[in-house]
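# Chain and residue survey
Now for the letters of each chain:
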Amino acid sequence: MRTRAALVAVVLVTLLAGCARAAPAAPVEPVRPVPAGATVVTGAPPAVTDASCGDPRVSATPTPEPPPGAMPAGSTMARIAARGALIVGIDQSTVPLSYRDPRSGVLTGLDVRFAQEMARAIFGDPNRVRFRIESSAQRIPNLLAGNVDLVVQAMTVTCARKRQIGMSSVYYEAAQRIAVPAVSPVTSIAELGGRPVCSITGTTSIATLQAARGTNGQAPVVVGVPENSDCLVMLQQGQVDAATTDDTILAGFALEDRRLAVRGAPLASEPYGIGVAPQNTDLLRFVNAVLDRTKADGTWAAIVAATFGGTPSPPPAGQYAG
């Protein structure tokens, strides 16, 4: 028995010694998949400037705002009141515009607060709002299908959109810029010709990016994604050299990751308006009245200060016709 045990011991020692002398395995690179729906956008860029409607900032003239709980009979607002909640299309992952507070799980941010002001105006209760989470590309289809009453989702007012839906007066003036890693030497879109740049499908920002050209004469490689947070992830993982969208959204990127920086001159103005189904003109006029009141009574300034800090500039004045 001792002889057999000794033989087993010798075999084990030999095997272990052989393992010790074996070449180390090659390191395994981490897998960094691109976000679902990410695609390289090709083809001719759409027209960035469209003045077919005149000044797109001009909206329908407000009607006098009725007291909460006293919406005019037969109006869109009365139908919303009878339902018991305002339904609003919104995002849930865009700091600081509309995102879930990591501690409470409650939606908060600039767009959330303006949506709640609309509910307050109808019901007297800012919490009587039901949020429908959607991507940027789903905003207009959801309005046209009647799935939501309003879209409050960093939606730039354009003539192209106003041919499809109603859009309110401007409630916030943003601008398109770029975000890059803080260690990057890139300071403008002109340095990104031929290089991958992320933007969000279905937005004005991606159209501006498609039309851009670097100093080398090349267009950026346009990477379109469904969500703002997808651009943040691709930037963090080094899958794109830059991201471009509204500076309000890019400021949120920099807040979430101090290794990123917002740079360059504005590429385009991005005036935000609230989307309304085209047949609901009475609701559009009501929304404009509520926005005007918030700008006059200090509510607008309080919302903007709570979102971005500091003392906000004066609110954009409403422009109306018809």
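Rules and cut-offs
- Residues numbered from 1 in each chain as written.
- Predicted model: local features only at pLDDT ≥ 70, side-chain atom pairs only at ≥ 80, totals over all residues.
- Heavy atoms only, no water.
- Pairing = 2+ DSSP bridges.
- Helix = DSSP H or I, 4+ residues; strand = E, 2+ residues; numbered from the N terminus.
- Buried < 20%, exposed > 50% of the residue type's maximum accessible area, 1.4 Å probe, protein only.
- Contact = heavy atoms within 4.5 Å.
- Phe/Tyr/Trp six-rings, centres within 6.5 Å; stacked < 30°, edge-to-face > 60°.
- Expected span 1.5 Å × (residues − 1).
- 1 Å grid on protein atoms, 1.4 Å probe; cavity = no way out; pocket = protein on both sides within 12 Å on 5 of 7 lines; lining within 4 Å.
- Points joined across faces, edges and corners; volume = space filled by probe spheres on them.
- Nonpolar A, V, L, I, M, F, W, Y, C, P; charged D, E, K, R; others polar.
- pLDDT = per-residue confidence, 0-100.
- Salt bridge = Lys/Arg side-chain N within 4 Å of Asp/Glu carboxyl O.
- Disulfide = S-S within 2.5 Å.

### A word on the pairing of strand E14 (residues 260–276)
Sheet analysis places strand E8 (residues 150–156) next to E14, joined by 4 bridges and oriented antiparallel. Across the sheet, Val151 pairs through a bridge with Gly275, a residue of E14. As paired strands, strand E9 (residues 166–167) and E14 are joined by 2 bridges and run antiparallel to one another. The residue of E14 that forms the bridge with Gly166 is Val276. For strand E10 (residues 172–181) and E14, the ladder comprises 9 bridges, and the chain directions are antiparallel. Across the sheet, the residue bridging to Ala179 is Val262, located in E14.

### With respect to helix H8 (residues 247–256)
The complete set of buried residues in H8 reads Thr248, Ile249, Leu250, Gly252, Phe253 and Ala254. Buried positions along H8 lie against strand E4 (93–94), E10, helix H7 (228–236), strand E13 (242–246), E14 and helix H10 (299–308).

### Quick word on the packing of aromatic side chains
The full count for this structure, using the stated rule, is 4 aromatic pairs. Each ring, one from Tyr171 and one from Tyr272, has its centre 6.1 Å from the other, and the planes form 50°; the classification is tilted. Note that Tyr171 is positioned in the loop between E9 and E10 and Tyr272 in strand E14, a separation of 101 residues in sequence. Taken together, a centroid distance of 5.3 Å and an interplanar angle of 25° make the contact between Tyr172 and Phe308 stacked. Of this pair, Tyr172 sits in strand E10 while Phe308 sits in helix H10, placing them 136 residues apart in sequence.

### Re helix H3 (residues 110–123)
The end-to-end C-alpha separation of H3 is 20 Å, in line with the 20 Å expected for 14 residues at 1.5 Å each. Burial of H3 is extensive: 12 of the 14 residues sit out of reach of the surface. Those residues of H3 lying buried are Leu110, Asp111, Val112, Phe114, Ala115, Gln116, Glu117, Met118, Ala119, Ala121, Ile122 and Phe123. Remark: Gly124 follows H3 within two positions and exhibits a positive phi of approximately 80°.

### What to know about unusual backbone geometry
Cis geometry marks the peptide bond from Val95 to Pro96; its omega dihedral reads 5°. Note on placement: Pro96 falls in the loop between E4 and strand E5 (98–100). Positioned with a positive phi, Ala154 is a non-glycine residue whose angle comes to about 45°. Relative to the assigned elements, Ala154 resides in strand E8.

### Things to note about empty space enclosed by the protein
Within the structure shown, the criterion is met by 1 cavity of 30 Å³ or more. Taken as a whole, the largest cavity spans an internal volume of roughly 170 Å³. Along the walls of the largest cavity sit 20 residues, with Ser136, Arg139, Gln153, Ala154 and Ile249 positioned nearest its centre. Of all the elements in the fold, those that place two or more residues in the lining of the largest cavity are E8, helix H6 (204–211) and E13. A total of 3 residues in the lining of the largest cavity trace back to one element, the largest contributor, which is E8. When grouped by side-chain class, the residues that make up the lining of the largest cavity number 4 nonpolar, 10 polar and 6 charged.

### Observations concerning the confidence of the model for the protein chain
Note: predicted coordinates in regions of low pLDDT should not be interpreted at a detailed level. Residues with a pLDDT of 70 or more make up 89% of the protein chain, whose mean pLDDT is 90. The model gives residues 1–20 a pLDDT under 50, and that stretch makes 0 contacts with residues more than four places away or in other chains.

### Details of the environment of Gly322
Take Gly322: it is sitting in the segment after strand E15 (319–320). In this structure the C-alpha to C-alpha distance between Gly322 and Ala60, which are 262 residues apart in sequence, comes to 5.6 Å. In this structure, Gly322 is in contact with Ala60, Thr61 and Arg285, ignoring residues within four places of it in sequence.

### What about the pattern of salt bridges?
Under the criterion given, the structure shown has 9 salt bridges. Among the salt bridges present, the one from Glu173 reaches Arg57, with a minimum N-O distance of 3.2 Å. Of this pair, Glu173 sits in strand E10 while Arg57 sits in the loop between strand E1 (39–40) and strand E2 (58–59), and the two are 116 residues apart along the sequence. Between Glu65 and Arg293 there is a salt bridge; the shortest N-O distance is 2.8 Å. On the criterion of sequence distance, the pair formed by Glu65 in the loop between E2 and helix H2 (76–83) and Arg293 in helix H9 (residues 281–297) is long-range, its members being 228 residues apart.

### A word on the state of the cysteines
Enumeration according to the criterion identifies 2 disulfides in this entry. Two residues, Cys53 and Cys159, share a disulfide whose sulfurs are 2.0 Å apart. Taking the torsion about the sulfur-sulfur bond, which here is approximately -75°, the covalent link between Cys53 and Cys159 counts as left-handed. Of this pair, Cys53 sits in the loop between E1 and E2 while Cys159 sits in helix H5 (residues 159–162), placing them 106 residues apart in sequence.

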